[in-house]
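Coordinate inspection notes
The primary structure of each chain is shown beneath.
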Amino acid sequence: MSQMTGGEAIVKSLESQGVEYVFGMAGHANLAFLDPLIDSEIKFITVPHEQIAAHAADAYFRVTHKPAVVTTTVGPGATNVIAGMADALLDSSAMVVICGGIPSFYSGTGGYQEMNEHGEDQQFELFRPVTKRVFRVAHASLLPHVISNAFNYALSGNPGPVMVHVPLDFLSYKSDYELRDLPAHRPSTKKILADPNQVHNALDLLVSAEKPLIFAGNGVLLSEASTQLTSLAEYLNVPVATTMSGQGAINGEHPLSAGFTGVVGTPVANALARDADVIMAIGTRMPEMDTSSWSSENFFNSKQSKLIHIDINSYEIGKIYPVEVGIVGDARSVLEQMIDEVPNFSDPKTSTPWVEGMIQEKQKWFAELAEFEQSAEKPICVERLLGDVRDSIDLASDGKGVLISGVGIRHAAGQHFRFKTPGTHIVGSGYSTMGQEVAAALGAKLGNPEVPVVAVVGDGAFRSTLQTVIAAVEFKIPVVWVVMNNYSYNIIAFYQNRHWKRLTGTEFRIEDEKEPYNPDFAAFARSVGAGGKRIENPEDLRPAIDEAIKSEIPYVLDVITTDRPRARASGYWDVNDVLSSDWDGIAP
């Protein structure tokens, strides 16, 4: 028991959790929490907009698997974090958001930016769809208890964001708080073992298959099970395809790595998924972008093939596809069980026509990509840009550097990069907020400061959260943003032009003028104290990326690129059917 303010009690709780960073903005409703941070070893990273804080905390967890904290004030400060929390929820990234509320004694008065149209002090209701749990603190004395529970919810099962709504006066309330050692109030293991009979059934299917495929999702990365996944794949000589967010679950240069599936996944991975007779999916919700809109012609035909689905959440199993074997357990534990059991089913397998064919197709695909990466076209070819970024990162970090890719470029990046190490590709896969990739670079670099962090972003995304560069300068966070400047929301313009043959709202230009328009992003970067350079010639690109990485300062490269990328779509997305003028209103 110790006499202190509620804000101090929260900071003591965060210290016991081992929190290193709090991201956010100051406001009247969280000042009493921010003040004790000054005397703490926890570093407060203040940002120009609260959305940036949520994206940074998200990326920090993805590279460290340790949760950061986001803090914000009442009213618009609170609502500004919602988009970033939605990204974290759909990509299973843990964070705890501590949000100031109106004073408890003003509940129902409409004061202090209260939302009370349908009930008193309802700000917390806004967060239910974008969190695993919302805690509305009922009394100041419960603050250590609630903070402890918040971390439990954020880290248990499928990780995700949790919000703690704290009335302003509770943060200043002095009391003898009963502090907690937060880790002592959580399970001491994350292992969730599978039913041994189901492990037996799964291995029986996998070993007897002629065309088996392991389909690895983000859950493999979250469970830190890449070594186990690779060991099982090698023993059984089974190819491994991944979801977009699961890239890095197996070394992308491993002979059994097939790339990622989906709308613009690698042709090799999509072909394997179509032809496999047994698929073992592990740590994935089977979302539509990764499964070609659940099309039986383009991903998995459950009438011809059998599915083993392993997930930590029982409700994900069978949600989309019928399963032959459904296993509840965390990825690492189940894979370890399989590795222990598999010698009872089979000796280590040698190569098969299924695998040899995959390797040959992959070599053809790599050769095709390499040809594009040598392009000397102007404006600069997107494939050339991605190849140069990849080679620069690899040279500077031996494959351990972190790439941040955004909603517009993530598919092409996944084709040209072969991620060798888990946690080296940060991508907004589920909610796909434009601008996430700009802000995520901050958290990724703070979480992994020893390696280069490069964000490849579209000009539209950079416009959304470009003030992130200011925070990077203020806190000396040396990340590199490579901005693909094609004067448009290029991906949306592609669909707009494809279906309506004309554009509105997707090109950047000053009204009534023909020439395209964008700010000078490099000049903007220099104006706030970062490095900045504009690149128009392909031969200048690679040296500029190398220079930016070596500079050890925040750096923006404004690269004039084509608006006609060559990324090949070997999958299927039903949005094209829905947008088509021939659509009959019936679900595809």
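The sections below set out a description of the structure shown in this document. Per chain, residues are indexed from 1 in the order of the written sequence. Owing to the predicted nature of the model, reporting of local features is limited to residues with pLDDT of at least 70; listing and counting of side-chain atom pairs is limited to 80 or more, with chain, interface and lining totals taken over all residues. Based on all heavy atoms of the structure, the side-chain values leave hydrogens and waters out of the count.

**Observations regarding the sheet that holds strand 6 (residues 133-136)**
Pairing between the strands of a sheet comes from backbone hydrogen bonds, and it takes one of two forms, parallel or antiparallel. Whether two strands pair comes down to DSSP finding at least two bridges between them. Each helix is a run of H or I in the DSSP string that is no shorter than four residues. Each strand is a run of E no shorter than two, and both are numbered from the N terminus. Read across the sheet, 6 strands follow the order 3-2-4-5-7-6 without closing on themselves; strand pairing throughout is parallel. Looking at strand neighbours, the two that pair on one side only are strand 3 (43-46) and strand 6, the edges of this open sheet. When strand polarity is set aside, the average angle formed by the axes of neighbouring strands in this sheet is 20 degrees. Two elements, strand 6 and strand 7 (residues 161-167), share 4 bridges in a ladder whose sense is parallel. Bridging across to strand 7, Val-134 finds its partner in Met-163. Fitted lines through C-alpha atoms give the axes, limited to the stretch in contact for helices. The angle between two N-to-C directions lies from 0 to 180 degrees.

**Re the pattern of salt bridges**
Any carboxyl oxygen of Asp or Glu that lies within 4 Å of a side-chain nitrogen of Lys or Arg is treated as forming a salt bridge with it. Summed over the entire model, instances satisfying the criterion amount to 21 salt bridges. Notably, a salt bridge pairs Glu-316 with Arg-285, separated by 3.6 Å at the nearest N-O pair. In this pair, Glu-316 sits in the loop between strand 13 (306-311) and strand 14 (325-328) while Arg-285 sits in the loop between strand 12 (278-282) and strand 13, placing the two residues 31 residues apart along the sequence. Two residues, Lys-533 and Glu-547, come together in a salt bridge whose shortest N-O distance is 2.9 Å. Of the two residues, Lys-533 sits in strand 19 (residues 531-535) while Glu-547 sits in helix 21 (residues 538-551), which places them 14 residues apart along the sequence. Classification of residues uses two cut-offs on accessible area relative to the type maximum, computed with a 1.4 Å probe and protein chains only: under 20% is buried, over 50% is exposed, and between them is partly exposed. Note on Glu-547: relative accessible area 37%, which makes it partly exposed. Because the salt bridges share partners, they merge into one network encompassing Asp-58, Arg-62 and Asp-91.

**Some points on the pairing of strand 4 (residues 68-72)**
Burial analysis of strand 4 places 5 of its 5 residues in the buried class, which makes it a mostly covered element. Pairing analysis gives 5 bridges linking strand 4 to strand 5 (residues 95-101), with the strands arranged parallel. Within the sheet, the bridge partner assigned to Val-70 lies in strand 5 and is Val-97.

**A few points about the sheet that holds strand 13**
Taken in spatial order, the 6 strands of this open sheet run 11-10-9-12-13-14, and their pairing is parallel. One side of each edge strand has no neighbouring strand; the edge strands of this open sheet are strand 11 (257-260) and strand 14. Across the sheet, the mean angle from the axis of one strand to that of its neighbour is 15 degrees, orientation sign disregarded. As defined by bridge partners, strand 12 adjoins strand 13 across 5 bridges and the pair is classed as parallel. What sits directly across from Met-280, in strand 13, is Ile-308. Packing against the sheet, helix 10 (residues 226-236) makes contact with strand 9 (212-216), strand 10 (240-242) and strand 12, and its axis sits at approximately 175 degrees to strand 9. Between two residues, a contact is recorded if the distance between any of their heavy atoms is within 4.5 Å.

**Some words on the side chain of Ser-13**
Tracing the sequence through the fold places Ser-13 in helix 1 (residues 6-17). Within the structure, Ser-13 has its side chain in polar contact with the backbone oxygen of Ala-9 (distance 2.9 Å). Excluding anything up to four places from it in sequence, Ser-13 contacts Pro-144, Ile-147 and Leu-182. Under this definition, polar contacts are N or O atom pairs within 3.5 Å; protein pairs additionally need one hydrogen-donor-capable and one acceptor-capable atom, and for neighbouring residues in sequence, both atoms have to be side-chain atoms.

**Focus on the packing of helix 14 (residues 382-397) against helix 21**
Between helix 14 and helix 21, whose axes approach to 9 Å, the crossing angle comes to 35 degrees. For the pair helix 14 and helix 21, the sense of crossing is right-handed. Residues Arg-384, Leu-385, Asp-388, Val-389, Asp-391, Ser-392, Ile-393, Leu-395 and Ala-396 of helix 14 lie in contact with helix 21, whose contacting residues are Pro-538, Glu-539, Leu-541, Arg-542, Ile-545, Asp-546 and Ile-549. By the convention adopted, Pro, Cys, Tyr, Trp, Phe, Met, Ile, Leu, Val and Ala count as nonpolar, Lys, Arg, Asp and Glu as charged, and the other residues, Gly among them, as polar. Residue composition of the contact of helix 14 with helix 21, grouped by class: 9 nonpolar, 1 polar and 6 charged. Two helices crossing with the near one rotated counterclockwise from the far one by less than a right angle form a left-handed crossing, whereas a clockwise rotation gives a right-handed crossing.

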